[in-house]
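Letter by letter, the chains look like this.
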Amino acid sequence: MNVKFITQIETALGTRVLHHTNLPVGFGLTGLRLELADGRIAALKTSKENGSHSLDTEAFMLRELKSRSSLPVPEVYYSDDHLLIMQWLPSDGSLTTKAQQHAAELLADLHSQPFDHFGYSQDTLIGPLHQPNPQTDNWLAFFRDHRLLYMAKEALREQALPQQLYDRLEKLADQLADYICEPAHPSLLHGDLWGGNIIAGKNGISGFIDPALYCGHPEIELAFTTMFNTFSAPFFDAYEAITPLEPGFFKERREIYNLYPTLVHVRLFGASYLPPIDRVLRKLGH
């Protein structure tokens, strides 16, 4: 890392950088772990000047979660479009039974707080991709138009999703009322809950990182945790002890909701994620 960039960091933070080491981050970003003269340890992400990934948007999402919920997320020390410096969270544990139970308590509390609309006050990101959040009163319409069909159209436009598969998704979208129920209220969601975004410490969960923030139905958040087997029975048992799930979630709705993150992966990584979409559509008769 060149001297000019270190000077930029020190000016932004108002303290010297004593030591820095490389930190693996995705989507073409560069990461560093910083040890600062004021005693703080920070995590840094930086993107190329011509990159599409707005780190200021990621900072906005973290600040919103910090101010509007009790979910543990890193404090943002500095941000602009191409630089994000935030609190370092200790990662010295694993998703044990105790940690999963702790995660369930934290997420049940996050989901319990009512908001006025689905969507959000501004658009956000999921990974490096744009995520539209027009404020909407109806969950089915929001999920259909601004999650399922929006990302399907994006994947189709990038020629990652075949037209025939898109047409079948459209037919499912027309019949979502047969499957999707309205929640009691819009809930604030982290939005990107897989294992890499959950930091476990010795005594439970240290925090959650890399959100894809919006307000929606908690079921779409819970569904995503099953896509890569992030959590298992201890999490769901603890969550349902606080907030029971409506019947049919695991049998049907979970797979419908996971079409959205699967389409995100199709858009980002290509055809290897198409078979799960075909399987769900066949199961539902489309």
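Reading guide: rules and limits
Residue positions within a chain follow its written sequence, with the count starting from 1. Thresholds applied to this predicted model are a pLDDT of at least 70 for local features of residues and 80 or more for the giving and counting of side-chain atom pairs; totals over whole chains, interfaces and linings are not thresholded and use all residues. Hydrogens are left out, water is left out, and the side-chain values use all remaining heavy atoms of the structure. Think of it this way: any DSSP run of H or I at least four residues long counts as a helix, any run of E at least two long counts as a strand, and we number them from the N terminus. Radius of gyration here is computed from C-alpha atoms only, and the compact-globule reference equals 2.2 Å multiplied by the residue count raised to the power 0.38. Burial here depends on accessible area, computed with a 1.4 Å probe over protein chains only, as a share of the maximum for the residue type. Under 20% is buried, over 50% is exposed, and the range in between is partly exposed. Here, any two strands with at least 2 DSSP bridges between them count as paired. Only the contacting stretch of a helix is used when fitting its axis, a line to C-alpha atoms as for every element, and angles between N-to-C directions run 0 to 180 degrees. The contact rule is simple, with two residues in contact once any of their heavy atoms fall within 4.5 Å. Each aromatic pair joins two rings of Phe, Tyr and Trp (for Trp, the six-membered one) with centres within 6.5 Å, and gets the label stacked for planes under 30 degrees apart, edge-to-face for over 60, and tilted for any other angle. Here the angle decides the label: under 35 degrees means roughly parallel, over 145 means roughly antiparallel, 65 to 115 means roughly perpendicular, and every other value means oblique. Crossing handedness is defined as follows: a turn of the near helix away from the far one that is anticlockwise and smaller than a right angle gives a left-handed crossing, while the clockwise case is right-handed. Residues were grouped as follows: Ala, Val, Leu, Ile, Met, Phe, Trp, Tyr, Cys and Pro as nonpolar; Asp, Glu, Lys and Arg as charged; and all remaining residues, including Gly, as polar.

The next thing to look at is the overall build of the protein. A tally of regular secondary structure across the protein gives 10 helices and 11 strands. Relative to the 2.2 N^0.38 estimate, which gives 19 Å for 286 residues, the radius of gyration of the protein is 20 Å and therefore close to what a compact globule would have. The principal-axis extent of the C-alpha atoms belonging to the protein is close to 60 × 45 × 35 Å. Residues classed as buried in the protein amount to 54% of the 286 residues present.

The two faces of the sheet receive side chains in turn, since in a regular strand these alternate between them. Burial analysis of strand β5 (residues 83–87) places four of its five residues in the buried class, which makes it a mostly covered element. Relative to β5, strand β3 (residues 41–46) is paired through five bridges, and the arrangement is antiparallel. Its bridge partner being in β5, Lys45 is matched across the sheet by Leu84. Pairing analysis gives four bridges linking strand β4 (residues 76–80) to β5, with the strands arranged antiparallel. Within β5, the position partnered with Val76 by the bridge is Met86. The antiparallel pairing of β4 with β5 creates a hairpin that spans two residues between the two strands.

In this section: the sheet that holds strand β2 (residues 30–36). The five strands are arranged β1-β2-β3-β5-β4 in an open sheet whose pairing can be described as antiparallel. Each having just a single partner strand, β1 (17–22) and β4 make up the two edges of the open sheet. Within the sheet, the average angular offset between the axes of one strand and its neighbour, ignoring direction, is 20°. Bridging between β1 and β2 involves five bridges; their strand directions are antiparallel. Bridge pairing links His20 to Leu34 in β2. Helix α2 (residues 55–68) rests against β3, β4 and β5 of the sheet, and its axis sits at about 145° to β4.

In terms of burial, strand β10 (residues 204–208) is largely enclosed, as five of its five residues are buried. The pairing of strand β9 (residues 198–201) with β10 spans four bridges and is antiparallel. Opposite Ile199, over in β10, you have Gly207 as the bridge partner. In this structure, the hairpin formed by β9 and β10 is closed by a connection of two residues.

Let us now look at helix α7 (residues 233–242). Of all the residues in α7, the buried ones are Pro234, Phe235, Phe236, Ala238 and Tyr239. On its buried face, α7 is in contact with α3 (97–112), α6 (218–227) and α8 (249–257).

Examined against the element boundaries, Pro134 turns out to sit in the loop between β7 (129–131) and α4 (139–157). According to the relative accessible area criterion, Pro134 is partly exposed, its value standing at 34%. A C-alpha to C-alpha distance of 28 Å links Pro134 and Pro276, two positions 142 residues apart in sequence. With residues up to four places along the chain from it excluded, the contact list for Pro134 reads Phe118, Gly119, Asp123, Phe142 and His146.

Below, the discussion takes up the packing of aromatic side chains. One pass over the full model with this rule turns up 13 aromatic pairs. With a centroid separation of 6.1 Å and an interplanar angle of 50°, the aromatic rings of Trp139 and Tyr257 are classed as tilted. Taken together, the residues span a long stretch of sequence, with Trp139 in helix α4 and Tyr257 in helix α8 at a distance of 118 residues. Residue classification places Trp139 among the buried residues on the basis of a relative accessible area of 0%. For Tyr257, a relative accessible area of 0% translates into the label buried. Ring plane angle 45° and centroid distance 6.4 Å describe the contact between Phe269 and Tyr273, whose orientation is recorded as tilted.

The contact between α4 and helix α9 (residues 259–269) brings their axes to 9 Å, and the two run at 25°. Between α4 and α9, the angle falls in the class roughly parallel. Crossing angle aside, the handedness with which α4 passes α9 is left-handed. Contacts between α4 and α9 involve Phe143, Arg147, Leu148, Met151, Ala152, Glu154 and Ala155 from the first element and Leu259, Tyr260, Leu263, Val264, Val266 and Arg267 from the second. Within the contact of α4 with α9, the residues separate by chemical class into 10 nonpolar, no polar and three charged.

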